[in-house]
Each structure stands twice: as structure tokens, then as C-alpha cells.
Amino acid sequence: MIEGIDKRIIIVGGGPTGLYCAYLLKKLNPNIIITVIEEHKTCGSPMCCSGLIDVSGYNRLKLKNFLVLKDFLINKIYGSHIYGPLEAKIDVLSKDVKAYVIDREKFDNSIKELALSFDVELLSGKRVVSIENNFVTFKDLETDSEEQLRYDYLVGADGPNSLVRKTFFPEIKNSEFVHTYQVTVEGNFDNRNVSVYLGDFAKGLFAWIVPESSSVAKIGLGVSLGKNPKDAFLKFKEKYKLTYQREIYECSGILPISKPLKNLVHDNVLLVGDAACFVKSTTGGGVNFGLLSSEMASKAINERIKEYKSLKNYNTLLKKYRKELNTHYKIRNYLLSKNFVEQDKLLLKIKDSNIHKILEEYGNMDYPSEFLSKIFTNKNSFLLIPEFFKFIIK
Ligand SMILES: Cc1cc2nc3c(=O)[nH]c(=O)nc-3n(C[C@H](O)[C@H](O)[C@H](O)COP(=O)(O)OP(=O)(O)OC[C@H]3O[C@@H](n4cnc5c(N)ncnc54)[C@H](O)[C@@H]3O)c2cc1C
């Protein structure tokens with residue numbers, strides 16, 4: 001018997017994590033049939049993302065070997081300006097490139113091309129409307145006609161509002177999800193650094209400016225689900241007297257922030273990326289970690305088909321990354337537990353104890369455990385000792 005010859009894997013969602021998972025599965029086992037079902041006609045559009053990805057996180061992905069960075073790289077980021085809710089401000093400015101700003105439409109399409117070159121079947125313009133008894137029902141959004149397809153394994157890569165998650169993991173709640181609003185604008189910007197603003201306009205997250213160049217940037221913010229992010233954005237704009245010449249694009253989207261989930265497998269179904277809430281709770285950034293989850297999911301499914309291993313191994317493969325996401329979750333809860341005066345004081349303490357210098361050298365947006373240990377053991381950190389204890393018990 002040829003392993004997997006009659007197996008069909010359906011992936012719901014043709015975003016980066018779904019397409020990457022499809023590519024890897026087909027590469028690992030050319031005998032299986034992989035079908036990606038995507039509701040939009042074109043992958044990567046419409047898009048709502050700032051496109052900021054941590055360099056060290058991206059370099060840990062196998063994906064970097066299959067893509068050409070310059071095909072989708074827009075800008076390189078060296079550091080950040082962080083504005084406290086009241087008056088504090090710190091600058092974390094590194095000599096090294098810390099993050100890339102990528103063109104998500106081009107990035108997603110580069111992954112799509114990889115998947116198509118390995119004979120992945122992509123059904124676009126079709127929305128999955130229900131899943132039952134190993135069949136998905138999907139609707140052609142042009143003709144309204146419905147079709148069904150049977151699967152042996154199903155991957156939910158259908159983003160923050162995942163139908164696959166709601167169907168098979170109803171226990172996962174969206175109470176910590178964040179609603180965002182973002183505009184791409186023309187103006188004058190510091191093209192080397194991002195800016196982050198804490199304050200009552202963005203309770204639950206923060207506001208940001210991510211420069212694509214010195215004349216174009218993405219400006220946005222996030223608020224708790226149920227609040228209006230566009231109203232919040234206008235307050236933010238007013239407070240900082242933000243001016244720009246022209247809005248090029250506006251969008252709104254959800255960040256699936258949650259305590260990292262221990263189980264992402266239900267029988268023959270698993271979740272990846274935003275559908276799995278596999279995102280950093282500190283920022284809602286989910287590209288690098290989502291792609292990691294696709295690498296682990298494809299390995300687990302392949303080993304299930306070829307070696308009859310348990311699909312639950314996916315949970316085990318994710319353990320070390322879940323730990324890192326747990327640290328993000330702790331940092332978020334620690335910051336949210338502080339009032340504005342305390343948040344400002346914390347930033348000033350970081351500045352006074354020169355901790356921002358450690359961040360300049362060792363900081364990265366994806367793996368906080370790597371620089372937190374450097375901060376905890378630094379001789380200048382004594383000012384922060386009470387804060388360390390508060391953080392640990394969070
Ligand atoms: C304003 C904003 C800014 C962000 N900025 C950053 C950032 O700077 N860096 C970062 O790392 N992350 C950022 N993110 C998060 C990032 O966009 C996501 O983590 C990433 O897109 C997740 O990829 P995914 O493939 O899991 O899901 P998605 O990209 O959401 O893809 C899911 C796909 O599934 C399709 N789909 C959904 N339901 C169905 C259905 N029923 N049938 C068929 N198809 C379906 C959708 O059309 C979509 O194409 C941002 C998000 C927002 C909202």
C-alpha cells in the first residue's frame with residue numbers, strides 16, 4: 001500500500017498558516033490529496049495586518065529557506081519609542097535590525113505559489129458553512145451553490161473567528177479577544193523605529209505606528225471586544241495631535257488573544273495559527289508563531305498517516321512554543337493589572353535602571369524568556385525587584 005494514497009486533508013482558510021501547512025504536508029507526502037478552501041477570491045486580500053515580524057522568530061522558521069525575503073520585505077526596524085499613558089517615554093534603539101515590515105499580500109501569495117507548485121488544490125471564493133460527520137459543506141460565494149467534501153483530517157486555519165474552532169472546541173472563549181482599527185497613511189515618519197502608545201484610548205492593548213518608509217506608515221490600535229476601535233482611534237489621534245496627509249487604506253480586525261491553549265486536537269481535527277489563538281498576547285502578532293504551528297501540525301499529521309502515531313503529538317510538539325506564549329500572556333496580565341500611574345512609573349524605572357539598554361542588545365518580540373533572564377540577573381535591576389515578584393505571581 002502507498003501511504004496516504006486515498007487520504008484527503010482539508011484545510012479551511014488560505015491565509016499564511018493554512019497555505020504553509022498545505023505545502024508542508026504535500027511535500028512530506030505527495031500521495032495525499034490536500035484541499036485548501038478559502039472564502040476570498042484572492043489570497044492575501046483584503047488584508048488587515050501591520051506586517052511587523054521579529055527577525056529572530058522568522059529566522060527560526062523553516063519557511064525562510066523556501067522564500068526570498070526581498071520579494072516581500074518593505075522596511076527594516078531597529079527599535080521602538082514607547083509612550084506611557086501619562087508622561088513617561090522610553091526609546092529602545094538598537095544598532096541591529098530587530099524586525100521586518102513585510103507586504104502581507106505579497107508574503108501570503110509567495111506561500112500560495114509554493115503550495116500550488118506542489119499540487120495543492122485551492123478552492124477560492126468558497127466559504128465553509130458547516131462541518132459534520134467528516135464532511136465540510138462549502139458555498140460558492142458567486143453562485144450561492146453548495147457542495148460537500150469528505151475529509152480524513154481537517155485543519156482549521158480559518159483565522160480569529162474560526163468556524164472549525166467554534167464547531168469542535170466550543171469551550172474556547174473569546175472574552176480576551178481584541179478589536180483593532182488601522183489606517184495606512186501618507187505623512188512624515190521615523191522609518192527606523194516603531195512607536196507604541198499606552199493609554200485609556202487603547203485599554204486592553206495599545207496604539208502603534210509601524211513605518212513602511214519615511215512617508216508611509218500603518219497607524220492603529222486595539223481595544224477590548226465590545227468597544228468601538230474607530231472611536232478609540234479618533235481619541236488617540238486627538239491626544240497626540242497626529243497629522244498625516246492622506247489615508248490610503250483602512251481596516252478592522254480581531255486579535256485572538258487568549259491564555260495559550262493546551263489542546264488543539266479533537267479526533268481528526270486540529271487548529272493552527274489565529275484559529276488556534278497561537279498569537280503573542282502582548283501584541284496580538286501571530287504570523288511567526290502561526291507558521292510555527294503549521295510546521296508542527298504538518299509533522300503530527302504526517303506521522304499519524306505514516307507511523308500511526310497519535311495526532312495529539314501536535315500538542316506536545318507545540319509545548320516549548322506554548323511556554324513562550326505563556327510568558328507573553330503573563331507580561332500582558334502584569335501590565336494590565338497596573339493603573340496608568342503605575343505603568344508610567346514602571347517605564348521610568350526601566351529607564352533609570354538602564355534596562356532599556358539590555359532590551360536594545362538582547363530584546364526580541366517573539367522569545368521574551370531569552371531577555372527576561374538577562375534582565376532578572378542584571379546588577380542594575382535592583383530597582384525592579386518588587387516588580388519581578390509581582391510579575392512572577394501573575
Ligand atoms: C490590525 C492588525 C494588525 C496586525 N499586525 C500584525 C503584525 O504586525 N505582525 C504579526 O505577526 N501579526 C499581526 N497581526 C496578526 C496576523 O495578521 C495574524 O496572526 C495572521 O494573519 C494569522 O494567519 P492565519 O493564516 O492563522 O489567519 P488569517 O490570516 O486570518 O487567514 C485565515 C483565512 O481563512 C479564511 N476563512 C475564514 N473563515 C473561512 C471559512 N468559513 N471558509 C473559508 N475560508 C475562511 C479567511 O478569508 C482568511 O483568508 C495583525 C492583525 C491585525 C487585525
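Structural data are supplied above this passage.
Let us look at the structure shown here. Computed from a predicted model, the values in this text were never measured in an experiment.

The rules behind the values
- Residues numbered from 1 in each chain as written.
- Predicted model: local features only at pLDDT ≥ 70, side-chain atom pairs only at ≥ 80, totals over all residues.
- Heavy atoms only, no water.
- Salt bridge = Lys/Arg side-chain N within 4 Å of Asp/Glu carboxyl O.
- Helix = DSSP H or I, 4+ residues; strand = E, 2+ residues; numbered from the N terminus.
- 1 Å grid on protein atoms, 1.4 Å probe; cavity = no way out; pocket = protein on both sides within 12 Å on 5 of 7 lines; lining within 4 Å.
- Points joined across faces, edges and corners; volume = space filled by probe spheres on them.
- Nonpolar A, V, L, I, M, F, W, Y, C, P; charged D, E, K, R; others polar.
- Domains from an automatic or database assignment.
- Expected span 1.5 Å × (residues − 1).
- Buried < 20%, exposed > 50% of the residue type's maximum accessible area, 1.4 Å probe, protein only.
- Core = buried A, V, L, I, M, F, W, Y, C linked by side-chain atoms within 4.5 Å.
- Contact = heavy atoms within 4.5 Å.

The next subject is the pattern of salt bridges. The full count for this structure, using the stated rule, is 17 salt bridges. Note that Glu 370 and Arg 60 form a salt bridge whose closest N and O atoms lie 3.0 Å from each other. With Glu 370 in helix 11 (residues 368–376) and Arg 60 in the loop between helix 2 (55–59) and strand 4 (73–77), this residue pair connects regions lying 310 residues apart in the sequence. The shortest N-O distance in the salt bridge between Lys 218 and Glu 212 comes to 2.5 Å.

So, about the layout of surface pockets. Of the pockets and cavities examined, the second largest pocket occupies roughly 280 Å³. Lining the second largest pocket are 19 residues, with Met 47, Asp 103, Glu 105, Lys 218 and Tyr 249 positioned closest to its centre. Elements that contribute at least two residues to the lining of the second largest pocket include exactly helix 3 (104–117), strand 13 (178–186) and strand 17 (246–255). Its residues assigned to classes, the lining of the second largest pocket comprises eight nonpolar, six polar and five charged. Per-domain counts for the lining of the second largest pocket show at least three residues from each of domain 1 (8–51 + 105–174 + 258–327) and domain 2 (76–101 + 175–255).

Residues lying three or four places apart along an α-helix face the same way, a consequence of the helix completing one turn every 3.6 residues. Helix length check: helix 8 (residues 319–336) (18 residues) gives 25 Å between terminal C-alpha atoms against 26 Å at 1.5 Å per residue, within 8%. Among all positions in helix 8, only Tyr 321, Arg 322, Glu 324, Leu 325, Thr 327, His 328, Tyr 329, Ile 331, Arg 332 and Tyr 334 are buried.

Okay, the nonpolar core next. What tends to happen in soluble globular proteins is that the nonpolar side chains get buried as a cluster. Ile 9, Ile 11, Phe 107, Val 136, Leu 154 and Tyr 314 are the most contacted members of the largest nonpolar core, which totals 73 residues. Among the elements that line this core, the one with the most residues is helix 6 (residues 287–307), at nine residues. A domain-level breakdown of this core finds at least three residues from each of domain 1 (8–51 + 105–174 + 258–327) and domain 2 (76–101 + 175–255). Apart from residues no more than four positions distant in its own chain, Tyr 314 is found in contact with Leu 264, Val 265, Leu 270, Leu 271, Val 272, Ser 293, Met 296, Ala 297 and Ala 300. Phe 201, Ala 202, Ile 209 and Val 223 belong to the second largest nonpolar core, which has 18 residues in total.

Scope: geometric values only; no functional claims are made or implied.
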